[in-house]
Amino acid sequence: MTEDINRADHLQTLEKGLKVIEAFDGRDHLTISTAAALTDISRPTARRVLITLVNLGYAQMLDNRFYLTPKVLSLGYSYMTARDSWEITTTLLRELSKKTNESSSIAKLVGEEIVYIGRVPANKIMKISLNIGTHLPAYATSMGKLLLAQKSEEELAEYFATADLKPLTPYTVYKEADLRKEFEEIRKRGWAISEDQLEIGLMSIAAPIRNMRGEIIAAINCSTNSSQTTREEVEETYLEPLLETADLISRNTEIELPF
């Protein structure tokens, strides 16, 4: 009886929609053909699902390619906030902010942008308001630079072929050759810093968060006012507690961190 009820209640349309969303895993974008092949559904159905996601704001289309938007994070937000591991992570983020007396955040890379999934604000530095779900151009932020630096050569080639790179301030590093050089330096030292590149007056330093397999899955940062401190002071004051917090959160991924 229960099996019959489950079959009757099962929505195949919803199943196909969720399969298409899952097909984005590890991919910056999907085409209709790719979505159909990965999910084993017809091209017309894949097209309808993708267009529906665009209409609902969960995806955007550019040159016949479909990209997820940060809105998809809202689908898992209730889950994230309900997990004990996320509570531990939030506590660690707060402790970091107390140690540095500065704002601290956690972000993931989604397409060409970073999306904030955790934040503890301190002194307001930026003109724009940062909250969970806020998205920013990855190439101009410390967390974005760190996460981009971990991409494979094939992924970076695709990124540079499609990313909208432009100077946001006079100090923004946005040319491919310069960014590649910066990414190489980040890979060598294991952390990233951005000064006045996203917005004049903003400096931030970022460290990686890893899963239990050692893979970088997110980034954590501290941000401060660049007019009130120097790059050297930021590295000397914030880097050690930042790396320690990143390590503690990474160990917490063994409890199933909801990233």
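In the nomenclature of an unreviewed UniProt entry, the protein chain is known as IclR family pca regulon transcriptional regulator of Salinicoccus halitifaciens.

## A few points about the packing of helix H8 (residues 153-162) against helix H9 (residues 176-189)
Axis separation between H8 and H9 bottoms out at 12 Å; the angle between their running directions is 145°. The handedness of the crossing between H8 and H9 is right-handed. In this structure, H8 contributes Glu-153, Leu-156, Ala-157 and Phe-160 to the contact, and H9 contributes Glu-176, Leu-179, Arg-180, Phe-183 and Arg-187. A class-by-class count of the residues in the contact of H8 with H9 yields 5 nonpolar, no polar and 4 charged.

## Considering the packing of helix H3 (residues 32-39) against helix H4 (residues 43-55)
Remark: H3 packs on H4, axes separated minimally by 8 Å, with the N-to-C direction vectors making an angle of 110°. What the angle tells us is that H3 and H4 run roughly perpendicular. When the axes of H3 and H4 are compared, the crossing they make is right-handed. Note on element contacts: H4 touches H3 through Arg-43, Ala-46, Arg-47 and Leu-50, opposite Ile-32, Ser-33, Ala-35 and Ala-36. Considered class by class, the residues forming the contact of H3 with H4 number 5 nonpolar, 1 polar and 2 charged.

## Quick word on the pairing of strand E4 (residues 113-120)
Extensive coverage of E4 is indicated by the burial of 6 of its 8 residues. Note that strand E3 (residues 103-110) and E4 share 7 bridges and pair antiparallel. Its bridge partner lying in E4, Val-110 is registered against Glu-113. Hairpin remark: E3 followed by E4, antiparallel, with 2 residues in the connecting loop; positive phi at Gly-111, about 65°. Direction of pairing for E4 relative to strand E5 (residues 135-137): antiparallel, over a ladder of 3 bridges. Pairing of Ile-114 across the sheet is with Leu-136, part of E5.

## A short note on a nonpolar patch on the surface
The grouping of Leu-11, Leu-14 and Leu-18 at the surface amounts to a nonpolar patch, some 300 Å² of accessible area in total. Looking at where Leu-18 falls in the secondary structure, it is placed in helix H2 (residues 12-22).

## Some points on empty space enclosed by the protein
Applying the stated criterion across every chain, the model contains 2 cavities of 30 Å³ or more. Quantified by volume, the second largest cavity comes out at close to 50 Å³. Surrounding the second largest cavity, Asp-28, His-29, Tyr-67, Gly-111, Glu-112, Glu-158, Tyr-159 and Thr-162 form its lining. Ranked by residue count, the leading element in the lining of the second largest cavity is H8, at 3 residues. Each residue belonging to the lining of the second largest cavity can be placed in one class, and the counts come to 2 nonpolar, 3 polar and 3 charged.

## Digging into the pattern of salt bridges
For the coordinates displayed, the defined rule picks out 11 salt bridges. In this structure, Lys-166 engages Asp-164 in a salt bridge whose closest nitrogen and oxygen atoms are separated by 3.8 Å. On the accessibility criterion, Lys-166 (42% relative accessible area) is partly exposed. A salt bridge links Arg-231 to Glu-195, with the shortest nitrogen-to-oxygen separation between them at 4.0 Å. Taken together, the residues span a long stretch of sequence, with Arg-231 in helix H10 (residues 231-252) and Glu-195 in strand E6 (residues 192-195) at a distance of 36 residues. When its relative accessible area of 29% is taken as the criterion, Arg-231 is described as partly exposed. Residues joined by salt bridges that share partners form a network here, namely Glu-153, Glu-176 and Arg-180.

Conventions and cut-offs
Residues numbered from 1 in each chain as written. Predicted model: local features only at pLDDT ≥ 70, side-chain atom pairs only at ≥ 80, totals over all residues. Heavy atoms only, no water. Axes fitted to C-alpha atoms, helices over the stretch in contact; angles between N-to-C directions. Helix = DSSP H or I, 4+ residues; strand = E, 2+ residues; numbered from the N terminus. Left-handed = near helix turned anticlockwise from the far one by under 90°. Contact = heavy atoms within 4.5 Å. Nonpolar A, V, L, I, M, F, W, Y, C, P; charged D, E, K, R; others polar. Parallel < 35°, antiparallel > 145°, perpendicular 65-115°, else oblique. Buried < 20%, exposed > 50% of the residue type's maximum accessible area, 1.4 Å probe, protein only. Pairing = 2+ DSSP bridges. Patch = residues over 30% accessible without salt bridge, like charges linked within 9 Å, V, L, I, M, F, W, Y side chains within 5 Å. Areas by Shrake-Rupley, 256 points an atom, 1.4 Å probe, with all protein chains shown as cover. Salt bridge = Lys/Arg side-chain N within 4 Å of Asp/Glu carboxyl O. 1 Å grid on protein atoms, 1.4 Å probe; cavity = no way out; pocket = protein on both sides within 12 Å on 5 of 7 lines; lining within 4 Å. Points joined across faces, edges and corners; volume = space filled by probe spheres on them.

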